[in-house]
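# Descriptive structure summary
Next come the chains, spelled out residue by residue.
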Amino acid sequence: MPHDFMPGLAGVPAATSSISDVDGQRGVLEYRGIKVEELCSKSSYLETAYLLLFGHLPTEAEFRQWTSDVMHHRRVKFRIVDLLKCLPEQGHPMDALQAAVAALGMFYPGRNVKDVGNNYWSAVRLVAKLPTIVAAWARIRHGDDYIPPRDDLGFSENFLYMLTEAVPLPLWNKVFDDCLILHAEHTMNASTFAGLVTASTLADPYTVVASSIGALKGPLHGGANEEVIQMLKEIGSADRAKGYVEEKLRAKQKLMGFGHRVYKVKDPRATVLQALCRRLFMECGSSPFYEIALEIERVAGDTLSSKGIYPNVDFYSGIIYDKMGIDTDLFTPLFAMARVSGWLAHWLEQLRENKLFRPDQIYSGEHNRSYVPIAQR
Ligand code: CMC
């Protein structure tokens, strides 16, 4: 065996990157060296996306240009809307998003990924159009009309407007924008890796992002936020949380929204999201889910903290989205529309020194077997 086999590639570096860093022992997450907590208090999602993609905080002129470019590319072709109308309304929004993003590439066929200008516009389009697609599908599947973006609204408020037909309260806008910042990037995770494997073949960025969306969908990755709300619904009230947690752990089942491959302390994003929950609920009334979540964290802490298992980003985010009236199955698409800036930042970084991903395997099958004719099997 030439190398040690690491299931799940745990701890195996797949790239050198200067985009983000996680200190799993201290619970620190930085984008381009800046802590996420500071970005949440001082930046906006669009500015953070710029930071991730281009490596520095934009000057005023750069930010004006970037904002204007994104704002002017939020509309989608009517054929994308038509495509969404053709999908089964009970289908999962992540599947609709993946299909629409893959189709987007057919409208912008500049396939030369060595063309810096073309790559810029691809990044602009993907950051700009994912929210439009998510909101359009959310309405179309209920038989409602797609609401086009409004040029006078910022990134997050426009998304909430396209989703609900109402301009959100400033606090909701701020909380939602912070959620997008917290989900924008997270080093070498499954969806980023999936995108980079696709990117290493020099596929176009729409295909890269469609690959990442596929990987994000699963319940061990981005799909966990949806599972958390199902769990909270199943528990029903805070006094039933203890029994539920004990039963799950006795049966050696996992608590959704807990645990992380890298963090061995509480995920810093979960801490910020919890603070956002408190802020939102102080103004808009509490959520029964929040009380249950606090109790789960308390009870689970007794058993799981000794194993380094704490709430992760998915534990509190869904509670915020639920309070905003957003459908549970849209939570992972919200994750995707934030994370697209991180995926694209990794794509651009990798293109500078691209090498085709072609790992090895350890063959555990047989050799030299004879072919048996079907009648003799
Ligand atoms: N609840 C209870 N026990 C857990 C949990 C959990 N959520 N997570 C890990 N463990 C236990 C697991 O049972 C195992 O115990 P033992 O050693 O006794 O067999 C041990 O911890 C190691 O688990 P693992 O699954 O091998 O560890 P991993 O590093 O592969 O796990 C994880 C990472 C995220 C897949 C896992 O913690 C998990 O499945 N969590 C629940 C799903 C979830 O919340 N996913 C979102 C992850 S964060 C956001 C994102 O990346 O998208």
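About the thresholds
Within any chain, residue numbers begin from 1 and follow the written order of that chain's sequence. This being a predicted model, a pLDDT of at least 70 is required before a residue's local features are given, and a value of 80 or more before pairs of side-chain atoms are given or counted; all residues contribute to the totals for chains, interfaces and linings. Calculation of side-chain values draws on the structure's entire complement of heavy atoms; hydrogens and water are dropped beforehand. Strands are runs of DSSP state E lasting at least 2 residues, helices are runs of H or I lasting at least 4, and numbering of each runs from the N terminus. The globule rule used here is 2.2 Å times the number of residues to the 0.38 power, and the radius of gyration it is set against is calculated over C-alpha atoms. Under the convention used here, a 1.4 Å probe and the Shrake-Rupley method define accessible areas, while residue burial counts only the protein chains that appear. Residues counted as positive are Lys and Arg, residues counted as negative are Asp and Glu, and His and the chain ends are not counted. Here the site of a charge means atom NZ of a Lys, CZ of an Arg, CG of an Asp or CD of a Glu. At least two bridges found by DSSP between two strands are what make those strands a pair. Near residues are defined by distance, with any heavy atom within 4 Å of the molecule or strand qualifying the residue. Any pair of nitrogen or oxygen atoms within 3.5 Å is treated as a polar contact; in protein, a donor-acceptor pairing is required on top of that, and neighbouring residues in sequence qualify only through side-chain atoms on both sides. Remark: exposure states derive from per-residue accessible area (1.4 Å probe, protein chains only) relative to the maximum for the residue type, with buried under 20%, exposed over 50%, and partly exposed in between. Contact criterion: two residues are considered in contact whenever any of their non-hydrogen atoms come within 4.5 Å of each other. Disulfide: a pair of cysteine sulfur atoms within 2.5 Å of each other. To estimate how far a helix should reach, multiply one less than its number of residues by 1.5 Å. In these notes, a set of buried Ala, Val, Leu, Ile, Met, Phe, Trp, Tyr and Cys residues joined through side-chain atoms within 4.5 Å is what counts as a nonpolar core. Domain delimitation in this document rests on an assignment produced automatically or drawn from a domain database. Summed over both partners, buried area is the accessible surface (1.4 Å probe) that two parts give up on being assembled. Only Phe, Tyr and Trp rings take part, Trp by its six-membered ring, and two of them pair if their centres are within 6.5 Å. Stacked means planes under 30 degrees apart, edge-to-face means over 60, and tilted covers everything else.

When you go through the protein residue by residue, the secondary structure sums to 16 helices and three strands. Since a compact globule built from 377 residues should have a radius of gyration of about 21 Å, the 22 Å found for the protein is in line with a globular shape. Considered along the principal axes of its C-alpha atoms, the protein spans approximately 70 × 55 × 45 Å. Just so you have it, the protein exposes about 18200 Å², and 53% of that area is on carbon and sulfur atoms. Charge separation in the protein, taken as the distance between the mean sites of 41 positive and 44 negative side-chain charges, equals 4 Å.

Once that is clear, we can look at the sheet that holds strand β3 (residues 34-35). The three strands are arranged β1-β2-β3 in an open sheet whose pairing can be described as antiparallel. The sheet terminates laterally at β1 (20-23) and β3, the two strands that pair on one side only. Pairing of β1 with strand β2 (residues 28-31), which is carried by four bridges, proceeds in the antiparallel orientation. Pairing of D21 across the sheet is with E30, part of β2.

The immediate surroundings of the ligand are formed by 21 residues, with H221, K254, L255, G257 and F258 found nearest. A distance of 3.4 Å separates an oxygen atom of the ligand from a polar atom in the backbone of G222. Calculation on the ligand without its partners gives an accessible area of 930 Å², and the protein chains cover 70% of this total.

A word on the side chain of R139. Structurally, R139 is set in helix α6 (residues 116-140). Looking at R139, the relative accessible area reads 12%, which means it is buried. Engagement of the side chain of R139 in a polar contact is seen with the backbone oxygen of D145, the distance being 2.8 Å. Those residues in contact with R139 that lie beyond four places of it in its chain are D144, D145, I147, M162, L163, T164 and E165.

One pass over the structure, following the stated rule, counts zero disulfides. The closest cysteine sulfur to the non-disulfide-bonded C179 is located on C277, 8.1 Å from its own sulfur. You can call C179 buried: its relative accessible area is 0%. Considering cysteine sulfurs only, C277 is the nearest to C284, which forms no disulfide, with 12 Å between them.

Quick look at helix α8 (residues 170-183) now. With 14 residues, α8 should reach 20 Å at 1.5 Å per residue; the first-to-last C-alpha distance of 20 Å fits that figure. Within α8, 11 of the 14 residues are buried, leaving the element largely enclosed by the surrounding structure. Burial in α8 covers these residues: L171, N173, V175, F176, D177, D178, C179, L180, I181, L182 and H183.

Further remarks concern the nonpolar core. Grouped together as the largest cluster of nonpolar side chains are 118 residues, with contacts concentrated most on Y45, V127, F176, I296, I319 and I326. Looking at which domains feed residues into this core, each of domain 1 (17-169 + 188-218 + 333-352) and domain 2 (224-323) gives three or more.

On domain assignment, one finds that the protein holds domain 1 (17-169 + 188-218 + 333-352) and domain 2 (224-323). For domain 1 and domain 2, the distance between their C-alpha centres works out to 27 Å. Each side of the interface is counted separately: domain 1 has 15 residues, and domain 2 has 13 residues. Together domain 1 and domain 2 conceal approximately 1000 Å² of surface at their shared face, both sides included; 66% is due to carbon and sulfur atoms. When residues of domain 1 are sorted by the area they lose upon contact with domain 2, G24, L334 and F335 head the list and together hold 31% of the total.

Leaving glycine aside, a negative phi is the common case for residues, and trans is the common case for peptide bonds. Phi at R32 is positive, roughly 50°, even though this residue is not glycine. By the secondary structure assignment, R32 is in the loop between β2 and β3. One non-glycine residue, T187, lies in the positive phi region at around 50°. With respect to the secondary-structure elements, T187 resides in the loop between α8 and α9 (190-199).

Below, the discussion takes up the packing of aromatic side chains. For the structure shown, the criterion picks out 16 aromatic pairs. Where Y120 meets W121, the ring centres are 5.0 Å apart and the plane angle is 80°; that geometry is what we call edge-to-face. Classification of W121 by relative accessible area gives partly exposed; the value is 31%. With 5.5 Å between their ring centres and 55° between their planes, Y321 and F331 make a pair best called tilted.

The next thing to look at is the pairing of β2. Where a strand is regular, its side chains alternate between the two sheet faces. Two successive antiparallel strands, β1 and β2, enclose a turn made up of four residues, where G27 displays a positive phi of approximately 75°. Summarising the sheet, β2 and β3 pair through two bridges and their orientation is antiparallel. By the bridge assignment for β3, E30 is matched with K35. From the end of β2 to the start of β3, which pair antiparallel, there are two residues, and R32 there has a positive phi angle of about 50°.

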